[in-house]
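Chain by chain, the residues run as shown.
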Amino acid sequence: MQEYQRAFIQLAMHRDVLRFGLFTLKSGRKSPYFFNAGLFQDGLALSALGKCYAETIQQSGIDFDVIFGPAYKGIPIASATAVQLHDQFHVNKPWCFNRKEAKDHGEGGNLVGASLHGKRVLIIDDVITAGTAIREVLAILEAQGATAAGIIVALDRQERGAQGELSAIQEIVQQHHIPVISIIKLDHIVEYLRERGGHDELVESMKAYRAKYGARSVDEWSEGL
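All of these numbers come straight from a predicted model, not from anything done at the bench. Along every chain, residues carry numbers that run from 1 in the direction the sequence is written. Reporting of local features is limited, given that this is a predicted model, to residues whose pLDDT is at least 70; pairs of side-chain atoms are given and counted only at 80 or more, and all residues count toward the totals for whole chains, interfaces and linings. Side-chain numbers come from the whole structure's heavy atoms, not from hydrogens or water.

## Remarks on the overall build of the protein chain
Here a strand is any run of E in DSSP of at least two residues, a helix any run of H or I of at least four, and the numbering for each starts at the N terminus. The secondary structure content of the protein chain amounts to eight helices and eight strands. Rg of the C-alpha trace for the protein chain: 18 Å, near the compact-globule value of 17 Å for 225 residues, within the 12% margin. Taken along the three principal axes of its C-alpha coordinates, the protein chain extends 55 × 40 × 30 Å. Any two residues whose heavy atoms approach within 4.5 Å at even a single point are treated as in contact. For the protein chain, contacts bridging at least 24 residues in sequence account for 71% of all contacts bridging at least 6. Note that accessible areas follow from Shrake-Rupley with a 1.4 Å probe, and for residues the cover is restricted to the protein chains shown. Carbon and sulfur atoms make up 49% of the accessible area of the protein chain, which totals about 11,400 Å². The distance from the centre of the 24 positive side-chain charges to the centre of the 27 negative ones in the protein chain is 3 Å. Based on C-alpha atoms, the radius of gyration is set beside the globule rule, defined as 2.2 Å times the residue count to the power 0.38. For the charge count, each Lys or Arg is scored as positive and each Asp or Glu as negative, with His and the chain ends excluded. The atoms used to mark charge sites are NZ of Lys, CZ of Arg, CG of Asp and CD of Glu.

As structure tokens, then:
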């Protein structure tokens, strides 16, 4: 695990973005942890978050022209990432976001920011749960004559969907043949808790949840690509 990944977990725990307990998810599953990126809600947290995304992008090696932040949570994350890419790595990239409803006056349209036409677009979001929002973004890119260079998210729950053995992230990769990179995975959280010590019961509950609901490993599903 990289230092920026540890820093991200520490930040998420400190801001209660990452909490432990017993949580009933929208799927009905009982989870020993909960992640809510909406609680990165001040300048200091958003700056630190942008650094983690920027570091992940640099580590990924993905080549892109424009950063795209899907409404709504992706908008502040994408802007913070663009700033930190410049400040930390001297990489200056334009960014863009969509409106939920098209504007019918002024410049009009449902996009704000840099043009996407003919560009390789890096999508920035918090998590991919069912993949619906990402598929909407991919439709926007297609309509704009752009291509998706990749997707960066904060957390990969490594959890299969309601049907099938793949996670939503794995389904996106398989169906659209684009890379999806996360700052951390569930496995990183477990590793971090082990490193800190004194969390044996929590680690076991996390492992049990992973065993019960975890998606197939990359080696198992990538053979079918």
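## A few points about the nonpolar core
It is characteristic of soluble globular proteins that their nonpolar side chains tend to be buried jointly. Here, nonpolar core means buried Ala, Val, Leu, Ile, Met, Phe, Trp, Tyr and Cys residues that are tied together by side-chain atoms lying within 4.5 Å of each other. The buried label goes to any residue with under 20% of its type's maximum accessible area, the exposed label to any with over 50%, and the partly exposed label to all in between, with areas taken from a 1.4 Å probe on protein chains only. Core analysis: the largest hydrophobic core is formed by 40 residues, its most contacted members being Phe-8, Phe-35, Phe-40, Tyr-53, Ile-124 and Ile-183. Once residues within four sequence positions are removed from consideration, Phe-40 is found in contact with Phe-8, Leu-11, Ala-12, Val-17, Ala-45, Leu-46 and Leu-49. Among the nonpolar cores identified, the runner-up in size contains 23 residues, and Val-66, Ile-123, Leu-141 and Val-153 belong to it.

## Observations regarding the packing of aromatic side chains
Pairing of aromatic side chains here covers Phe, Tyr and the six-membered ring of Trp, requires ring centres within 6.5 Å, and sorts the geometry by plane angle: under 30 degrees stacked, over 60 edge-to-face, intermediate tilted. What the rule picks out here adds up to six aromatic pairs. Look at Phe-8 and Phe-35: their rings are 6.3 Å apart centre to centre, the planes differ by 40°, and that puts the pair in the tilted class. Residue Phe-8 is located in helix H1 (residues 3–14), and its partner Phe-35 is located in strand E2 (residues 30–35); the two are separated by 27 residues in the primary sequence. For the pair Phe-8 and Phe-35, one class covers both residues: buried.

## Description of unusual backbone geometry
Trans peptide bonds make up most of the peptide bonds, and negative phi angles are found at most residues other than glycine. Omega for the peptide link from Ala-71 to Tyr-72 comes to 5°, which places this bond in the cis form. Within the secondary structure, Tyr-72 sits in the loop between strand E3 (66–69) and helix H3 (74–89). Backbone geometry at Asp-16 places phi at a positive 60°, although glycine is not the residue there. In this fold, Asp-16 is placed in the loop between H1 and strand E1 (18–24). The phi torsion at His-90 lies on the positive side, around 60°, for a residue other than glycine. Among the secondary structure elements, His-90 is positioned in the loop between H3 and strand E4 (95–103). Given a relative accessible area of 69%, His-90 falls into the exposed group.

## Section: the side chain of Asp-125
Examined against the element boundaries, Asp-125 turns out to sit in the loop between strand E6 (120–124) and helix H4 (132–143). Within the buried core, Asp-125 has no salt-bridge partner, and the shortest N-O distance to an opposite charge, that of Lys-73, equals 7.9 Å. If we ignore the near neighbours within four places in the chain, the residues touching Asp-125 are Tyr-53, Pro-70, Lys-73, Gly-74, Ile-77, Ile-134, Ile-152, Val-153 and Ala-154. Salt-bridge detection follows one rule: a side-chain nitrogen of Lys or Arg within 4 Å of a carboxyl oxygen of Asp or Glu.

## Points about the UniProt feature "binding site: orotate" (unreviewed entry) in the protein chain
UniProt positions are given in the numbering used here, feature names are shortened, and annotations may be inferred rather than shown by experiment. Following the UniProt record, one finds the feature "binding site: orotate" (unreviewed entry) at Phe-34, Phe-35, Thr-129 and Arg-157. Maximum C-alpha separation among the annotated residues is 12.7 Å over a sequence range of 124 residues, consistent with a single clustered spot. Along the chain, the position of Thr-129 falls in the loop between E6 and H4. Taking relative accessible area as the criterion, Thr-129 reaches 69% and is therefore assigned exposed. Looking at where Arg-157 falls in the secondary structure, it is placed in the loop between strand E7 (147–156) and helix H5 (168–176). N or O atoms closer than or at 3.5 Å make up a polar contact, with two conditions inside protein: a donor-capable atom paired with an acceptor-capable one, and, for residues adjacent in sequence, both atoms drawn from side chains. Among the polar contacts listed, one links the side chain of Arg-157 to the side chain of Ser-31, at a separation of 3.5 Å.

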